[in-house]
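# A closer look at the structure
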Amino acid sequence: MNIFRLAGDMTHLASVLVLLLKIHTIKSCAGISLKTQELYAIVFASRYLDIFTDFISLYNTLMKLIFLGSSFSIVWYMRSHKIVRRSYDKDQDTFRHYFLLLPCLLLALLIHEKFTFMEVMWTFSLYLEAVAILPQLVLLQRTRNIDNLTGQYVFLLGAYRGLYILNWIYRYITEPHYVHWITWISGIVQTLLYADFFYYYFNRFFFAVILAAIACASRADDLTDNNEGNHYELDFEFLGSNGQPFTLQTNVFSDDTGGREQRCHLWFDPTTDFQTYGILWNQNQIVVFGITTGIVRFDENYEITWGYDHVLSLNQGREIQLSMDLSSGSGFGSKLSYGTGFFHLRIKLPNKDSAGVVTAFYLTSQGNKHDELDFEFLGNREGKPITLQTNVFADGVGNREQRIFLWFDPTANFHTYQILWNQHQIVFYVDDIPIRVFKNNKNIRVGYPSKPMKVEASLWDGDSWATDGGKTKTNWSMAPFQAHFQGFDISGCPIIKQKYSNNIQECFSPKYWWNSEKYWKLDSKQQGELENVRKKYMNYDYCSDRSRYPVPPPECLQTSSIADYK
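Rules behind the numbers
- Residues numbered from 1 in each chain as written.
- Predicted model: local features only at pLDDT ≥ 70, side-chain atom pairs only at ≥ 80, totals over all residues.
- Heavy atoms only, no water.
- Helix = DSSP H or I, 4+ residues; strand = E, 2+ residues; numbered from the N terminus.
- Expected span 1.5 Å × (residues − 1).
- Buried < 20%, exposed > 50% of the residue type's maximum accessible area, 1.4 Å probe, protein only.
- Salt bridge = Lys/Arg side-chain N within 4 Å of Asp/Glu carboxyl O.
- Axes fitted to C-alpha atoms, helices over the stretch in contact; angles between N-to-C directions.
- Parallel < 35°, antiparallel > 145°, perpendicular 65-115°, else oblique.
- Left-handed = near helix turned anticlockwise from the far one by under 90°.
- Contact = heavy atoms within 4.5 Å.
- Nonpolar A, V, L, I, M, F, W, Y, C, P; charged D, E, K, R; others polar.
- Pairing = 2+ DSSP bridges.

## What about helix 8 (residues 181–193)?
- Compared with the 18 Å implied by 1.5 Å per residue over 13 residues, the 18 Å span of helix 8 between its first and last C-alpha is a close match.
- Along helix 8, the residues that are buried comprise Ile182, Thr183, Trp184, Ser186, Gly187 and Gln190.

## Brief notes about the pattern of salt bridges
- Scanning the model with the defined rule gives 16 salt bridges in all.
- The salt bridge partner of Glu300 is Arg297, with a shortest N-O separation of 3.9 Å.
- Judged by its relative accessible area of 39%, Arg297 falls in the partly exposed class.
- The structure contains a network of salt bridges with shared partners spanning Arg47, Glu129 and Arg161.

## Examining the packing of helix 2 (residues 34–47) against helix 3 (residues 58–80)
- Orientation of helix 2 relative to helix 3, taken along the N-to-C sense of each, is 150°, at an axis distance of 9 Å. Between helix 2 and helix 3, the interaxial angle falls into the category roughly antiparallel. Helix-helix and strand crossings are classified by hand; for helix 2 and helix 3 the assignment is left-handed. Here Leu34, Gln37, Glu38, Tyr40, Ala41, Phe44 and Ala45 of helix 2 come into contact with helix 3, specifically with Phe67, Leu68, Ser71, Phe72, Ile74, Val75, Met78 and Arg79.
- Its residues assigned to classes, the contact of helix 2 with helix 3 shows 11 nonpolar, two polar and two charged.

## What about the sheet that holds strand 2 (residues 233–239)?
- Taken together, three strands build an open sheet; the order of strands is 2-3-4 and the sheet is antiparallel. Every interior strand has two partners, whereas the edge strands, strand 2 and strand 4 (262–265), have only one. If you compare each strand with its neighbour and ignore which way they point, the axes differ by 20° on average.
- Pairing of strand 2 with strand 3 (residues 247–253), which is carried by seven bridges, proceeds in the antiparallel orientation. Each residue of the ladder has a partner; that of Phe238, found in strand 3, is Leu248.

Written out as structure tokens, the structure is:
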């Protein structure tokens, strides 16, 4: 065996391991074509019919077993695994792969080396392998979404074929009478099919994401001349499109002279998420960069805490779907506890008749007399407004509910929900607009959260109380209910546990930006936004509930209902 054959086999094996890693670890097959995987299973099943009759070597038998087992395992995962199958995009993976089977079989019957059953099936597997990647390439072409693991999988498959071509060339040179036209032509056809993919892959992964690099043709001080009347400009211009690809135009003006346009098609959809664009400008050159945002994956800071089979990872771990049905809800939480911070999640709520369904995002401590800061979204009948309830627990004492109606449909798109927590105040935000403030009033013996807390989210059945005080029950015919979460970076002071203590006092330090004086109280603009929310959207405030509190709690008596939040 020569080095090219060995390298090709190892690359082929690596492609399978990458795909199994994607499916097994993040429980997702997003971006993978089931049609291609089914074709590969047929390829290996028809090629290795001799596995139990002809022994060539231990290496040969082991590789056959690996490819047979892995190909059928992948098909099983995508078809039958109760979590993985949910991420399969059958609406995009529509290539009619069964139309490839009969032509390949007929060609094998007509063009073969020997007319025996085993040889015809071997030849059929070669022809089918040559075109088996087509459904995968069509899927990638449709979605334009070459994520890391999917891209690496297809790249390794293409590299395996390229190495096998080098293996054939080497053997043709070194081995007398080595001629296998069927194998060669099939392999070359298969390799050529990867050309379009490699174009996008190298653009995405190996070329620097530099959209234009324009050397200054004029003197170094041309762009620093501030004389009146001279116009200088460096442009990003995104040209609207009815669909992909999107066009980005760059331009450079110096001394009122432009006309230096360069345009490129973006290799991603710039409308689906934020991206970073930058301009380097110095005395030697101008470089325009497009950099895809380094988004934190779920498993970097969070882990599933319950309802494991009701949690689905999407978009390479950048989005999590929680599900709830009659059997269970689900939830996740941060791996670490925090002492202070500015915490956030982007959430899209269940979009069905969600009465009785509670979607929660909250901070909570562990043990007795716990501290807790809650966002709770109380579902409702379809067409009726969803209520957002906030609550504050300190030393196990809560019952500080406030409720508002949101000024948008929280089921239609993602919105950002934030909690600021420092030693001066707790602020709940919706899309950067403050909706509630809870001040530190320990001086009048009002409890204030001060224990280390984890960040958690959950989807659960609250029909005993959540909608109309429990009168409106969950409509289980609409199950499963699904909530989606994004934004898994955490700005918080992590608690470092020691033998007899922790570092929570350090979490009050002004070295953390959320502890600086700017965040001790709302500014005038935020105060106006808060008052507007309370006036237009609040429908319940525990401070005003005389049936529960004939004598308002001390934090409510501190000042007027609005001044209390200043």
